[in-house]
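The residues making up each chain are set out below.
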Amino acid sequence: MFHLESLLGRYWPVHSHNSWTSFWGARQLDSSSRRKRRDASVYIQSLAHAAIRFVNQFITAYRAASYDPFVSHVSYWDLPVWHLSNGDNRIWTVPMAFYPVSDQLPAVSPDGRFVHRTTEGRIRDAALDPLSVSLEELLDAWTCFYRGQFAEAIRKAVTAVEVCISDLLASLPAFRQNRSDEEVEQHLVKMKFNDQLSFYLRATKRKLPGPLTHISPEVNRVRLDEELEHARERRHKIVHESEKVDYEHDGPLLRIMETMSWLHGWLREDDGRSDPTSSRQYAANKAMRDVFPLEPLINRDGIQIIKPRDGGHKLVNQIHVEQLQRASSLGDLDIEFCVAWMFQKLEHPIADARYAPSNTSSRERYWISDFTSLRPVFILDLKGCLEIQDIESVACRFAVLKIREPKAERPIVVVNHLRSIEHKQRVAVPCAGGEVRSLVEDLEFTVISLTDWVAVASLLSQDSSRDFGALRTLRSIGLVSDISDQLEPVGYVRRILPGIEVVSIVLETGFLNVGDEVCIRSGEDCFSATIESQEINRQPFNTAYAKCVLGVKLDTGVHAVKQEAIVYRVHRPLLPFDRRVEPTFQLKKRDYRDFLRMMSSGPVSVVGHGVYGGEHDLGG
């Protein structure tokens, strides 16, 4: 049993492991012992940090009994030093916050030396050029965050973004329309924030950043529009529902602070001054702010530190593959991130395209720099196969871009033609003809399916030292993978048994497996389905080969099947990768999801949880 004491002069009994005492304060230790000393430091600081909850509970009870308005809840900033003692009267000092307890100017350089944060000239310039109201509110938010006043920090950070939007609209000619300043102010008051943001994006033809691509898994796949909505919902609960912010798990709060700062800098188009996280001192600020990762348990016997919930320790590359897998899954499809992540791994310069928020199917999504030229990247999210009119719409848009941007050259078109369609929508989806390939080659477009794109990006996520033929693929002309000819005819529908939801198929060539996707076409009508089970002579078979008649149960039922309809087996080929890779990775899988699962089942190593507090807060 140990006793914990703060500046309040009050002792609390705590339960603690005795093993940390042999490392705390020791000077000459080997590398293993130094690591244990760091762990002991984190353990003891978390133990002291847990006592702040009890202190605040006592303050709440005192205010309810005394109605004393001169006391308030405290944070580790208000109680920066704690003392831990045992039965032998040995005392250990536990620093909680470096900045308020330091006897000298805090160091902000990696080697521990003090470096001046600014100069007199910069202070003088800042005094002559006053801050905008939104930036001043954002700086106040970061001050509150570092002092442990998290609820006020969130409120001020979101308010800073809202004030920034109002200021930008007030100076926008399309919004002012010869109105006086007073009329502009009245008009802004009447508009809701979402309407203000939509008007600004529409008038400036800008798009909120996202999905972001970053080596840090917590930042990867972040969309600032979603982060803004989440932050405003959190602010609403704090202000209108009196939600209490959990100061012990501030990872999600740090996420709100950073994303709102990024958004403020993007809106002002001056990240260097309008985004506090872009300053050179930001990393030093985070180093001077202690983090308490262990969880407390308070009961009648005292305060105890328990093992945190294990979110799993994984390689960063493995987390990237899992994020890519989620982004390419049918339930959480994010085509924009899948496309952007490939260029991130290739270290290829990429920029968002400015376009109107509506009618984006034939609009460019990204621009990439290819030496002396610029190449637009189009994303086609289709419900069926690639059609001629889809390529023609891209060609019309590219003709306009060529006039506006003379350096624009061959577009890259990423096609998601394998989207899961609702049951009632699977009927009457036209198939692409062979003319698509000729048209693409004549226009000198590069067309690649999302399936193959994700497969390449997965390989790059595992090994960034090689490009696996990705650059050669992006410079090729025509259909990179056989999008329009992925349907292999295997047979026809002999009869339909609606009572038991079974289709009798004559298998003339090839083979069919349980789980295969088939395309059933009758004239111009076509739909896709997955084989759930199949039988030959009432005996189940996982694989059926040519020259047989089999009964097949489809996941879509038989209501859309027509007799004598042609049955195609849908191929999902991967790109023709470098053959040296094939012995290492089994690239002959029919579905890239199996390929991803195989890659993510490799050895696991231990890394940190990240700045946002673990796997729960991973972007996406």
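For the structure itself, look to the data block above.
Residues numbered from 1 in each chain as written. Predicted model: local features only at pLDDT ≥ 70, side-chain atom pairs only at ≥ 80, totals over all residues. Heavy atoms only, no water.

K.L.:
Account for the sheet that holds strand β8 (residues 364-370), naming residues and giving values.
P.N.:
One key point about sheets: their strands pair by backbone hydrogen bonds, in either a parallel or an antiparallel sense. Ordered by their spatial adjacency, six strands build an open sheet running β7-β8-β9-β10-β11-β12, and the pairing between neighbours is mixed. Bordering the open sheet on either side are β7 (350-352) and β12 (478-479), each of which pairs with just one other strand. In this sheet, strand β10 (residues 412-416) lies alongside strand β9 (residues 373-381) in parallel orientation, the contact comprising five bridges. Along β10, the bridge assignment pairs I379 with V414. Its contacts with the sheet place helix α15 (residues 388-404) against β8, β9, β10 and β11 (446-449), and it is angled at close to 150° to β9. (Pairing = 2+ DSSP bridges. Helix = DSSP H or I, 4+ residues; strand = E, 2+ residues; numbered from the N terminus. Contact = heavy atoms within 4.5 Å. Axes fitted to C-alpha atoms, helices over the stretch in contact; angles between N-to-C directions.)

K.L.:
I'd like a description of the packing of helix α8 (residues 193-204) against helix α9 (residues 224-240), backed by residues and values.
P.N.:
Contact geometry for α8 and α9: axes closest at 13 Å, N-to-C directions at 160°. The angle between the axes of α8 and α9 places the two elements in the roughly antiparallel class. Considering only the axes of α8 and α9, their crossing is right-handed. Seen from α8, the contacting residues are F193, N194 and L197; seen from α9, they are L228, E229 and R232. (Parallel < 35°, antiparallel > 145°, perpendicular 65-115°, else oblique. Left-handed = near helix turned anticlockwise from the far one by under 90°.)

K.L.:
So what's going on with unusual backbone geometry? Residues and values would help.
P.N.:
The peptide bond linking G210 to P211 adopts the cis configuration, its omega dihedral lying at 0°. Note on placement: P211 falls in the loop between α8 and α9. Non-glycine residue E501 carries a positive phi angle of around 55°. Positionally, E501 belongs in the loop between β13 (487-497) and β14 (502-507). Classification of E501 as partly exposed rests on a relative accessible area of 35%. Phi at K547 takes a positive value of approximately 70°, unusual for a residue other than glycine. You can see K547 is positioned in the loop between β19 (543-545) and β20 (548-554). We classify K547 as exposed; its relative accessible area is 75%. (Buried < 20%, exposed > 50% of the residue type's maximum accessible area, 1.4 Å probe, protein only.)

K.L.:
Any chance you could break down the side chain of R397 for me, citing the residues and the numbers?
P.N.:
Take R397: it is sitting in helix α15. On the basis of relative accessible area, R397 is assigned to the buried category, the value being 11%. Of the polar contacts made by the side chain of R397, one reaches the side chain of E364; its length is 2.9 Å. (Polar contact = N/O pair within 3.5 Å; in protein donor to acceptor, adjacent residues only side chain to side chain.)

K.L.:
Describe the packing of aromatic side chains, with residues and values.
P.N.:
Enumeration according to the criterion identifies ten aromatic pairs in this entry. When the centroid spacing of 5.7 Å and the interplanar angle of 80° are considered together, the rings of W142 and F145 count as edge-to-face. Highlighted residues: W142 and F145, both in helix α4 (residues 133-146), separated by three residues, approximately one helical turn. In this structure F145 comes out as buried when scored by relative accessible area, which is 1%. Joined through ring pairs, the aromatic side chains of W142, F145, Y146, F150 and Y282 make up one cluster. Taking NZ or CZ as reference, R206 lies 3.7 Å from the ring centre of W266, over its face. Over the ring of Y366 we find R365, and its NZ or CZ is 4.4 Å from the ring centre. (Phe/Tyr/Trp six-rings, centres within 6.5 Å; stacked < 30°, edge-to-face > 60°. Lys NZ or Arg CZ within 6 Å of the ring centre and 35° of its normal.)

K.L.:
Quick one: what's the story with the pattern of salt bridges, residue by residue and with numbers?
P.N.:
Taken as a whole and assessed by the stated rule, the structure comprises 18 salt bridges. Across the pair D181 and R176 runs a salt bridge whose closest N-O atoms are separated by 2.7 Å. Judged by its relative accessible area of 56%, D181 is exposed. A relative accessible area of 23% means that R176 is categorised as partly exposed. A salt bridge links R365 to E336; the nearest nitrogen and oxygen atoms lie 2.8 Å apart. On the criterion of sequence distance, the pair formed by R365 in strand β8 and E336 in helix α14 (residues 335-345) is long-range, its members being 29 residues apart. Across the pair, E336 and R365 agree in class, each one buried. Residues joined by salt bridges that share partners form a network here, namely R221, R223, D334, E336, D352 and R365. (Salt bridge = Lys/Arg side-chain N within 4 Å of Asp/Glu carboxyl O.)

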